[in-house]
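Chain by chain, the residues run as shown.
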Amino acid sequence: MSKEQVLACMGPPANKAAEGQTEVWSYNSGDGTVVASGSASYGSFSGMSSRRFCHINVVMSGGAVAAVNYQGPTGVLITAGEQCAYAVDPCVKKQ
């Protein structure tokens, strides 16, 4: 995909970095889901919560996508319905 196509389907990136002909566009993805866990023992309770998210880096070289990298605590690459899929789903061709 070209830069223009990525902008059209994913929108503007949250951050950009560039060196020479290479640019990295960073996107945050997720639906805001908060996962809570806790335990109770002998009248006390401890718990924690974490927000499900994914960070996506789109590497551009020569004006086109050269690589896409994902990092986050949920899903595998672009598992449908998982956090990494939300940002890239508008760019995926439906069959």
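On a predicted model such as this, the values are computed, not experimentally measured, just so you know.

Further remarks concern the state of the cysteines. Enumeration over the complete set of coordinates arrives at one disulfide. Residue pairing for C9: its cysteine sulfur links by disulfide to C91, the two sulfurs lying 1.8 Å apart. Looking down the S-S bond of the C9 and C91 bridge, the torsion is 90°, so its handedness is right-handed. Of this pair, C9 sits in helix α1 (residues 3-10) while C91 sits in the segment after α2 (83-88), placing them 82 residues apart in sequence. For the pair C9 and C91, one class covers both residues: buried.

For side chains of opposite charge, pairing can occur when their charged atoms come near one another. Within this structure, the stated rule accounts for one salt bridge. Two residues, E23 and K3, come together in a salt bridge whose shortest N-O distance is 2.3 Å. Placement of the pair is E23 in strand β2 (residues 22-29) and K3 in helix α1, with a sequence separation of 20 residues. Relative accessible area serves as the criterion here: at 16%, E23 is assigned to the buried category.

Cut-offs used in this document
Residues numbered from 1 in each chain as written. Predicted model: local features only at pLDDT ≥ 70, side-chain atom pairs only at ≥ 80, totals over all residues. Heavy atoms only, no water. Disulfide = S-S within 2.5 Å. Helix = DSSP H or I, 4+ residues; strand = E, 2+ residues; numbered from the N terminus. Buried < 20%, exposed > 50% of the residue type's maximum accessible area, 1.4 Å probe, protein only. Salt bridge = Lys/Arg side-chain N within 4 Å of Asp/Glu carboxyl O.

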